[in-house]
Amino acid sequence: MQATAFTYSPETRSGSVLLDDGTPLAFDAAAFDAGGLLLLRPGQRVRIETEGEGEARRVVFLTLQTF
């Protein structure tokens, strides 16, 4: 699934993305590290994988969207 980076803290390696419908989803350092990224800027398109449903839904992997 695709999303747009919304926030990112280099100190904690965590932040949030916006799904294409505008829904925000947080990610933690483990999800950031799983994608092998070094930096993320708000506005970048990312590819994410999620687990869970509803309020328990969370990002478990994110990487840059490449075409």
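See above for the structure.
**A look at the pairing of strand E3 (residues 24–27)**
1) Next: Alternating positions in E3 separate cleanly, Leu25 and Phe27 being buried on one face and Pro24 and Ala26 remaining unburied on the opposite face.
2) Next: Where strand E2 (residues 14–19) lies against E3, four bridges are found, and the strand directions are antiparallel. When the sheet's bridge partners are listed, Ser16 is paired in E3 with Ala26.
3) Next: Hairpin connection between E2 and E3: a loop of four residues separates the two successive antiparallel strands, and Gly22 in this loop has a positive phi of roughly 95°.

**Topic: unusual backbone geometry**
1) Next: With phi around 55°, Arg13 is a residue other than glycine that occupies positive phi space.
2) Next: Checked against the element boundaries, Arg13 lands in the loop between strand E1 (2–9) and E2.
3) Next: We classify Arg13 as partly exposed; its relative accessible area is 32%.

Rules used in this analysis
Residues numbered from 1 in each chain as written. Predicted model: local features only at pLDDT ≥ 70, side-chain atom pairs only at ≥ 80, totals over all residues. Heavy atoms only, no water. Buried < 20%, exposed > 50% of the residue type's maximum accessible area, 1.4 Å probe, protein only. Helix = DSSP H or I, 4+ residues; strand = E, 2+ residues; numbered from the N terminus. Pairing = 2+ DSSP bridges.

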